[in-house]
Amino acid sequence: MIHQFILAAPKPGMTAQEFQDYWVNVHAVRYAAKIPQIRKYMVDTVVDVEGDLGSPALPHQGIAEIWLANGEEQLASLQTDEFLNGARLDEPNWAAFWLTIVVDTTAHEIVPGPGEGRDRDWVKLTVLMKRRPGLDLDDYRKRSLDGYASEVRGVPGLRRYLHAHTVDGAYVFGEAAFDSVEQLWFDDTEALRQALRSPHFTGRVKAARDEITDPKHVFSLAAKENWIIGPEAR
(Lines give C-alpha, C1' and ligand atoms only; values in the text may rest on other atoms or scores of the structure.)
Protein backbone atom coordinates (compact mmCIF):
# COMPACT_ATOMS: atom_id res chain seq x y z
CA MET A 1 0.00 0.00 0.00
CA ILE A 2 1.20 3.53 -0.77
CA HIS A 3 1.33 5.88 2.21
CA GLN A 4 1.32 9.38 0.75
CA PHE A 5 2.26 12.56 2.61
CA ILE A 6 1.11 15.93 1.24
CA LEU A 7 2.43 19.00 3.07
CA ALA A 8 0.52 22.21 2.38
CA ALA A 9 0.84 25.87 3.38
CA PRO A 10 -1.82 28.61 3.67
CA LYS A 11 -2.47 30.85 0.70
CA PRO A 12 -1.37 34.48 1.19
CA GLY A 13 -3.68 36.36 3.55
CA MET A 14 -5.06 33.26 5.26
CA THR A 15 -4.15 32.54 8.88
CA ALA A 16 -2.94 29.13 9.98
CA GLN A 17 -6.19 28.54 11.88
CA GLU A 18 -8.36 29.52 8.91
CA PHE A 19 -6.28 27.29 6.68
CA GLN A 20 -6.56 24.28 8.97
CA ASP A 21 -10.29 24.76 9.53
CA TYR A 22 -10.98 24.95 5.80
CA TRP A 23 -8.81 21.93 5.03
CA VAL A 24 -10.36 19.67 7.68
CA ASN A 25 -13.98 20.80 7.53
CA VAL A 26 -14.45 21.82 3.88
CA HIS A 27 -11.82 20.60 1.42
CA ALA A 28 -11.26 17.19 3.00
CA VAL A 29 -14.94 16.34 3.45
CA ARG A 30 -16.48 18.03 0.41
CA TYR A 31 -13.82 17.19 -2.16
CA ALA A 32 -10.85 14.96 -1.34
CA ALA A 33 -12.78 12.28 0.54
CA LYS A 34 -14.95 11.68 -2.53
CA ILE A 35 -12.04 10.39 -4.61
CA PRO A 36 -12.99 6.69 -4.75
CA GLN A 37 -9.45 5.22 -4.78
CA ILE A 38 -8.50 6.74 -1.44
CA ARG A 39 -8.65 3.95 1.15
CA LYS A 40 -7.79 5.97 4.26
CA TYR A 41 -7.34 9.70 4.75
CA MET A 42 -6.37 12.00 7.61
CA VAL A 43 -5.28 15.60 7.94
CA ASP A 44 -2.58 16.42 10.49
CA THR A 45 -2.91 20.00 11.72
CA VAL A 46 0.35 21.52 12.91
CA VAL A 47 0.77 22.52 16.56
CA ASP A 48 3.42 24.89 17.88
CA VAL A 49 6.16 22.92 19.61
CA GLU A 50 9.64 24.30 20.18
CA GLY A 51 12.46 22.26 18.72
CA ASP A 52 11.31 21.62 15.16
CA LEU A 53 14.16 20.48 12.94
CA GLY A 54 15.19 22.44 9.87
CA SER A 55 16.33 25.99 9.20
CA PRO A 56 14.48 27.89 8.00
CA ALA A 57 11.40 26.17 9.38
CA LEU A 58 8.88 24.89 6.86
CA PRO A 59 5.88 27.21 6.30
CA HIS A 60 3.48 24.27 6.02
CA GLN A 61 0.62 24.11 8.51
CA GLY A 62 -0.76 20.66 7.77
CA ILE A 63 -0.12 17.25 6.28
CA ALA A 64 -2.59 15.10 4.39
CA GLU A 65 -1.91 11.41 4.86
CA ILE A 66 -3.50 9.30 2.14
CA TRP A 67 -3.41 5.53 1.72
CA LEU A 68 -3.86 4.00 -1.75
CA ALA A 69 -3.74 0.33 -2.67
CA ASN A 70 -1.03 0.62 -5.33
CA GLY A 71 0.41 2.77 -8.11
CA GLU A 72 -2.34 1.88 -10.54
CA GLU A 73 -5.05 3.12 -8.22
CA GLN A 74 -3.02 6.23 -7.47
CA LEU A 75 -2.80 7.05 -11.18
CA ALA A 76 -6.49 6.35 -11.60
CA SER A 77 -7.33 8.70 -8.73
CA LEU A 78 -5.64 11.59 -10.54
CA GLN A 79 -7.90 11.06 -13.56
CA THR A 80 -11.22 11.04 -11.72
CA ASP A 81 -13.78 13.80 -11.97
CA GLU A 82 -13.69 14.03 -8.17
CA PHE A 83 -10.03 15.03 -8.35
CA LEU A 84 -9.91 17.08 -11.56
CA ASN A 85 -13.11 19.04 -11.04
CA GLY A 86 -13.27 18.83 -7.26
CA ALA A 87 -10.17 18.63 -5.07
CA ARG A 88 -7.76 20.12 -7.60
CA LEU A 89 -9.99 23.07 -8.48
CA ASP A 90 -10.58 23.83 -4.80
CA GLU A 91 -6.88 23.91 -3.84
CA PRO A 92 -6.24 27.60 -4.72
CA ASN A 93 -9.08 28.59 -2.38
CA TRP A 94 -7.00 27.75 0.69
CA ALA A 95 -3.47 26.54 -0.15
CA ALA A 96 -0.30 28.07 -1.56
CA PHE A 97 -0.14 25.21 -4.06
CA TRP A 98 3.32 26.21 -5.32
CA LEU A 99 4.71 25.26 -1.89
CA THR A 100 3.08 21.83 -1.73
CA ILE A 101 5.38 18.88 -1.00
CA VAL A 102 4.29 15.34 -1.93
CA VAL A 103 6.15 12.20 -0.80
CA ASP A 104 4.90 8.71 -1.70
CA THR A 105 6.22 6.02 0.63
CA THR A 106 6.18 2.42 1.76
CA ALA A 107 5.83 2.32 5.54
CA HIS A 108 7.62 0.20 8.13
CA GLU A 109 6.17 0.11 11.65
CA ILE A 110 9.11 -0.04 14.06
CA VAL A 111 7.28 0.40 17.37
CA PRO A 112 3.65 -0.77 17.23
CA GLY A 113 1.28 1.31 19.29
CA PRO A 114 -2.27 0.91 20.55
CA GLY A 115 -4.80 0.48 17.77
CA GLU A 116 -5.55 3.63 15.80
CA GLY A 117 -8.81 5.34 16.60
CA ARG A 118 -10.64 8.62 16.25
CA ASP A 119 -10.82 8.89 20.02
CA ARG A 120 -7.02 8.94 20.48
CA ASP A 121 -5.66 12.41 21.16
CA TRP A 122 -2.20 11.72 19.77
CA VAL A 123 0.48 14.30 19.14
CA LYS A 124 3.07 13.17 16.63
CA LEU A 125 6.27 14.39 15.10
CA THR A 126 6.64 13.92 11.33
CA VAL A 127 10.21 14.19 10.02
CA LEU A 128 11.23 14.47 6.35
CA MET A 129 14.74 13.18 5.74
CA LYS A 130 17.27 13.27 2.89
CA ARG A 131 20.30 10.96 3.00
CA ARG A 132 23.76 12.46 3.25
CA PRO A 133 25.71 12.98 0.01
CA GLY A 134 27.61 9.90 -1.09
CA LEU A 135 25.44 7.44 0.83
CA ASP A 136 23.89 4.76 -1.38
CA LEU A 137 20.08 4.64 -1.28
CA ASP A 138 19.93 0.94 -0.41
CA ASP A 139 22.47 1.49 2.37
CA TYR A 140 20.46 4.43 3.68
CA ARG A 141 17.28 2.39 3.77
CA LYS A 142 18.99 -0.45 5.62
CA ARG A 143 20.70 1.78 8.16
CA SER A 144 17.54 3.82 8.76
CA LEU A 145 15.75 0.66 9.89
CA ASP A 146 18.69 -0.78 11.83
CA GLY A 147 21.10 1.35 13.85
CA TYR A 148 19.22 4.61 13.52
CA ALA A 149 15.80 3.14 14.30
CA SER A 150 17.18 1.34 17.35
CA GLU A 151 18.19 4.72 18.80
CA VAL A 152 14.80 6.28 18.06
CA ARG A 153 13.10 3.39 19.84
CA GLY A 154 14.69 4.64 23.06
CA VAL A 155 13.14 8.12 22.95
CA PRO A 156 11.35 8.71 26.27
CA GLY A 157 7.56 8.74 26.05
CA LEU A 158 7.47 7.22 22.55
CA ARG A 159 4.19 5.37 21.97
CA ARG A 160 4.48 4.41 18.28
CA TYR A 161 7.14 4.77 15.59
CA LEU A 162 6.87 4.55 11.81
CA HIS A 163 9.65 4.92 9.25
CA ALA A 164 8.49 5.15 5.64
CA HIS A 165 10.81 4.95 2.62
CA THR A 166 10.16 6.95 -0.54
CA VAL A 167 8.94 4.65 -3.32
CA ASP A 168 11.33 3.57 -6.09
CA GLY A 169 9.28 5.38 -8.73
CA ALA A 170 10.31 8.75 -7.29
CA TYR A 171 13.87 8.14 -8.54
CA VAL A 172 13.07 7.32 -12.17
CA PHE A 173 14.12 10.75 -13.45
CA GLY A 174 16.71 11.63 -10.79
CA GLU A 175 16.90 12.21 -7.07
CA ALA A 176 13.80 12.44 -4.91
CA ALA A 177 13.47 15.51 -2.69
CA PHE A 178 13.32 13.28 0.41
CA ASP A 179 14.32 9.66 0.95
CA SER A 180 12.07 8.86 3.90
CA VAL A 181 9.46 10.16 6.30
CA GLU A 182 9.33 9.08 9.92
CA GLN A 183 6.60 9.59 12.50
CA LEU A 184 6.86 9.47 16.29
CA TRP A 185 3.69 9.41 18.43
CA PHE A 186 3.35 10.74 21.98
CA ASP A 187 0.51 11.00 24.49
CA ASP A 188 0.32 14.79 24.36
CA THR A 189 2.19 17.97 23.53
CA GLU A 190 4.07 18.06 26.82
CA ALA A 191 5.32 14.50 26.34
CA LEU A 192 6.62 15.49 22.90
CA ARG A 193 8.33 18.59 24.31
CA GLN A 194 10.05 16.51 26.99
CA ALA A 195 11.20 13.99 24.38
CA LEU A 196 12.67 16.69 22.15
CA ARG A 197 14.57 18.14 25.11
CA SER A 198 15.79 14.79 26.39
CA PRO A 199 19.52 13.95 26.32
CA HIS A 200 18.67 10.79 24.39
CA PHE A 201 17.03 12.73 21.55
CA THR A 202 19.49 15.62 21.42
CA GLY A 203 22.44 13.28 21.84
CA ARG A 204 22.14 9.69 20.64
CA VAL A 205 19.28 10.16 18.14
CA LYS A 206 20.82 13.30 16.62
CA ALA A 207 24.22 11.60 16.29
CA ALA A 208 22.67 8.55 14.61
CA ARG A 209 20.58 10.74 12.31
CA ASP A 210 23.59 12.85 11.30
CA GLU A 211 25.43 9.68 10.25
CA ILE A 212 22.90 8.92 7.52
CA THR A 213 21.19 12.22 6.63
CA ASP A 214 22.05 15.64 5.26
CA PRO A 215 21.24 17.98 8.20
CA LYS A 216 20.37 20.77 5.76
CA HIS A 217 17.51 18.63 4.42
CA VAL A 218 15.88 17.30 7.58
CA PHE A 219 12.62 19.00 8.58
CA SER A 220 10.00 18.21 11.21
CA LEU A 221 6.44 19.22 12.02
CA ALA A 222 4.45 18.43 15.17
CA ALA A 223 0.75 17.86 14.60
CA LYS A 224 -2.59 16.50 15.80
CA GLU A 225 -4.54 13.91 13.81
CA ASN A 226 -7.93 14.48 12.18
CA TRP A 227 -9.33 11.30 10.60
CA ILE A 228 -11.49 11.88 7.53
CA ILE A 229 -11.66 8.27 6.25
CA GLY A 230 -10.57 5.64 8.72
CA PRO A 231 -8.86 4.36 10.66
CA GLU A 232 -10.47 1.36 9.01
CA ALA A 233 -9.86 1.29 5.26
CA ARG A 234 -12.96 1.59 3.07
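Located above this text is the structure these notes cover.
Residues numbered from 1 in each chain as written. Predicted model: local features only at pLDDT ≥ 70, side-chain atom pairs only at ≥ 80, totals over all residues. Heavy atoms only, no water.

Participant: Which parts of the structure should I look at to understand the overall build of the chain?
Facilitator: On a plain count of helices and strands, the chain comes out with seven helices and eight strands. For the chain, the C-alpha radius of gyration of 17 Å lies close to 17 Å, the compact-globule estimate for 234 residues. The dimensions of the chain, computed from C-alpha atoms along their principal axes, are 50 × 40 × 35 Å. In the chain, the share of contacts with a sequence separation of at least 24, taken over all contacts with a separation of at least 6, comes to 82%. (Helix = DSSP H or I, 4+ residues; strand = E, 2+ residues; numbered from the N terminus. Rg over C-alpha atoms; globule rule 2.2 N^0.38 Å. Contact = heavy atoms within 4.5 Å.)

Participant: Please explain the packing of aromatic side chains as it appears in this structure.
Facilitator: By the definition in use, this model includes seven aromatic pairs. Of the aromatic side chains, those joined through ring pairs into one cluster are Phe19, Tyr22, Trp23 and Trp94. Across from the ring centre of Trp67, 4.7 Å away, lies the NZ or CZ of Lys40, which sits over that ring. Here the guanidinium or amino end of Arg160 rests over the ring plane of Trp185, the centre of that ring lying 4.4 Å away. (Phe/Tyr/Trp six-rings, centres within 6.5 Å; stacked < 30°, edge-to-face > 60°. Lys NZ or Arg CZ within 6 Å of the ring centre and 35° of its normal.)

Participant: Hey, could you run me through a nonpolar patch on the surface in this one?
Facilitator: A cluster of nonpolar side chains, namely Phe97, Trp98 and Leu99, defines an oily patch on the protein surface of about 330 Å² accessible area. Assignment of secondary structure puts Phe97 in the loop between helix H3 (81–90) and strand E4 (101–111). Relative accessible area serves as the criterion here: at 45%, Phe97 is assigned to the partly exposed category. (Patch = residues over 30% accessible without salt bridge, like charges linked within 9 Å, V, L, I, M, F, W, Y side chains within 5 Å. Areas by Shrake-Rupley, 256 points an atom, 1.4 Å probe, with all protein chains shown as cover. Salt bridge = Lys/Arg side-chain N within 4 Å of Asp/Glu carboxyl O. Buried < 20%, exposed > 50% of the residue type's maximum accessible area, 1.4 Å probe, protein only.)

Participant: Help me understand the pairing of strand E5 (residues 123–131) in this model?
Facilitator: Look at any regular strand and the pattern is simple: side chains alternate between the two faces of the sheet. With nine of its nine residues buried, E5 lies for the most part within the structure. Along E5, one buried face is formed by Val123, Leu125, Val127, Met129 and Arg131 and the opposite face, lined by Lys124, Thr126, Leu128 and Lys130, is buried too. Bridge count for E5 against strand E7 (residues 180–186) is seven bridges, and the pairing is antiparallel. Note that in E7 the partner of Met129 across the bridge is Ser180. As paired elements, E5 and strand E8 (residues 213–229) share eight bridges and run antiparallel to each other. From the neighbouring strand, Val123 faces E8, where its bridge partner is Lys224. (Pairing = 2+ DSSP bridges.)

Participant: Got a minute to help me understand helix H6 (residues 189–197) in this structure?
Facilitator: For the α-helix, the turn length of 3.6 residues means that residues three or four positions removed from each other point alike. When H6 is considered as a whole, its buried residues turn out to be Thr189, Ala191, Leu192, Ala195 and Leu196. In an axial view of H6, the angular spread of the buried residues amounts to 160°, which keeps them on one side of the axis. Each element contacted by the buried residues of H6 is listed here: E5, E7, helix H7 (199–212) and E8. Where H6 begins, the capping side chain belongs to Asp188, and its oxygen is found 3.3 Å from the backbone nitrogen of Glu190. (Arc of directions from axis to C-beta. Polar contact = N/O pair within 3.5 Å; in protein donor to acceptor, adjacent residues only side chain to side chain.)

Participant: I would appreciate a short explanation of the sheet that holds strand E3 (residues 62–68) in the present structure.
Facilitator: For sheets, the rule is that strands pair by backbone hydrogen bonds, running either parallel or antiparallel. A barrel is described by the order of its strands in space; here eight strands give the closed sequence E1-E3-E2-E8-E5-E7-E6-E4, paired in antiparallel fashion. The sheet shows a mean angle of 35° between the axes of neighbouring strands, taken without regard to direction. Here six bridges tie E4 to strand E6 (residues 160–166), and the two strands are oriented antiparallel to one another. Looking across to E6, one finds that Val111 is bridged to Tyr161. Helix-sheet contacts for H6 involve E5, E7 and E8, and the interaxial angle to E5 is about 40°. (Axes fitted to C-alpha atoms, helices over the stretch in contact; angles between N-to-C directions.)

Participant: What should I look at first to understand the packing of H6 against H7 in this one?
Facilitator: Helix packing geometry: the angle between the two helix axes and the distance between the axes. The contact between H6 and H7 brings their axes to 4 Å, and the two run at 50°. Between H6 and H7, the angle falls in the class oblique. Residues Ala195, Leu196 and Arg197 of H6 pack against Pro199, Phe201 and Thr202 of H7. Classifying every residue of the contact of H6 with H7 gives four nonpolar, one polar and one charged. (Parallel < 35°, antiparallel > 145°, perpendicular 65-115°, else oblique. Nonpolar A, V, L, I, M, F, W, Y, C, P; charged D, E, K, R; others polar.)

Participant: What's the story with the packing of helix H1 (residues 16–31) against H3 in this structure? I'm lost.
Facilitator: Their axes nearest at 9 Å, the elements H1 and H3 cross at an angle of 165°. Classified by the interaxial angle, the pair formed by H1 and H3 is roughly antiparallel. Here H1 runs over H3; the crossing is right-handed. The segment H1 lies against H3, with Tyr22, His27 and Tyr31 engaging Glu82, Gly86, Ala87 and Asp90. (Left-handed = near helix turned anticlockwise from the far one by under 90°.)

Participant: Got a minute to help me understand unusual backbone geometry in this structure?
Facilitator: Across the chain, the bulk of peptide bonds are trans and the bulk of non-glycine residues have phi less than zero. Between Gly230 and the following residue, Pro231, the backbone shows a cis peptide bond with an omega angle of 15°. Along the polypeptide, Pro231 turns up in the segment after E8.

Read these as layout, nothing more, since geometry by itself doesn't imply function.
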